[in-house]
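# Understanding the architecture of this molecule
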Amino acid sequence: MTVKASIKETAGAAEEELGEALKNDKMADKGRQLRNEGRIENGKMPKTHVPGTEKDNVKLGS
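Note that the structure is a prediction, hence the values are computed from the model and not measured.

In terms of helices and strands, the chain carries two helices and zero strands. Burial statistics for the chain: of 62 residues in total, 24% are counted as buried. In the chain, the proportion of contacts linking residues at least 24 apart, taken out of those at least 6 apart, comes to 39%. Of the accessible surface of the chain, which amounts to about 4,700 Å², a share of 58% is contributed by carbon and sulfur atoms.

Position of E17 relative to the elements: it lies in helix α1 (residues 3-21). For E17, a relative accessible area of 37% gives the class partly exposed. The spacing of E17 and M27 is 10 residues in sequence and 9.0 Å in space, taken between C-alpha atoms.

Attention now moves to the pattern of salt bridges. Summed over the entire model, instances satisfying the criterion amount to six salt bridges. One salt bridge connects E37 with K8, and the closest N-O pair in it is separated by 3.0 Å. Of this pair, E37 sits in helix α2 (residues 25-41) while K8 sits in helix α1, and the two are 29 residues apart along the sequence. Taking relative accessible area as the criterion, E37 reaches 40% and is therefore assigned partly exposed. According to the relative accessible area criterion, K8 is buried, its value standing at 17%. A salt bridge links K8 to E41; the nearest nitrogen and oxygen atoms lie 2.8 Å apart. Remark: E41 occurs in helix α2 and K8 occurs in helix α1; sequence separation between them is 33 residues. On the basis of relative accessibility, which here comes to 40%, the residue E41 falls in the partly exposed class. Beyond isolated ion pairs, a larger network of salt bridges with shared partners links K8, E37 and E41.

About the cut-offs
Residues numbered from 1 in each chain as written. Predicted model: local features only at pLDDT ≥ 70, side-chain atom pairs only at ≥ 80, totals over all residues. Heavy atoms only, no water. Helix = DSSP H or I, 4+ residues; strand = E, 2+ residues; numbered from the N terminus. Buried < 20%, exposed > 50% of the residue type's maximum accessible area, 1.4 Å probe, protein only. Contact = heavy atoms within 4.5 Å. Areas by Shrake-Rupley, 256 points an atom, 1.4 Å probe, with all protein chains shown as cover. Salt bridge = Lys/Arg side-chain N within 4 Å of Asp/Glu carboxyl O.

Written out as structure tokens, the structure is:
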């Protein structure tokens, strides 16, 4: 894992979240691309689902 790749992944995740919050699909997609670049450089699998769909299945609490 490199610092540069970790920064890309983190910055991409932040941009993706902001894009989702602002309902800006273009920003969310750009963030996802940057996030996946960092993930691939770190040897992780890229995120493949559509931005914003992962949260629908999250259950808070027990």
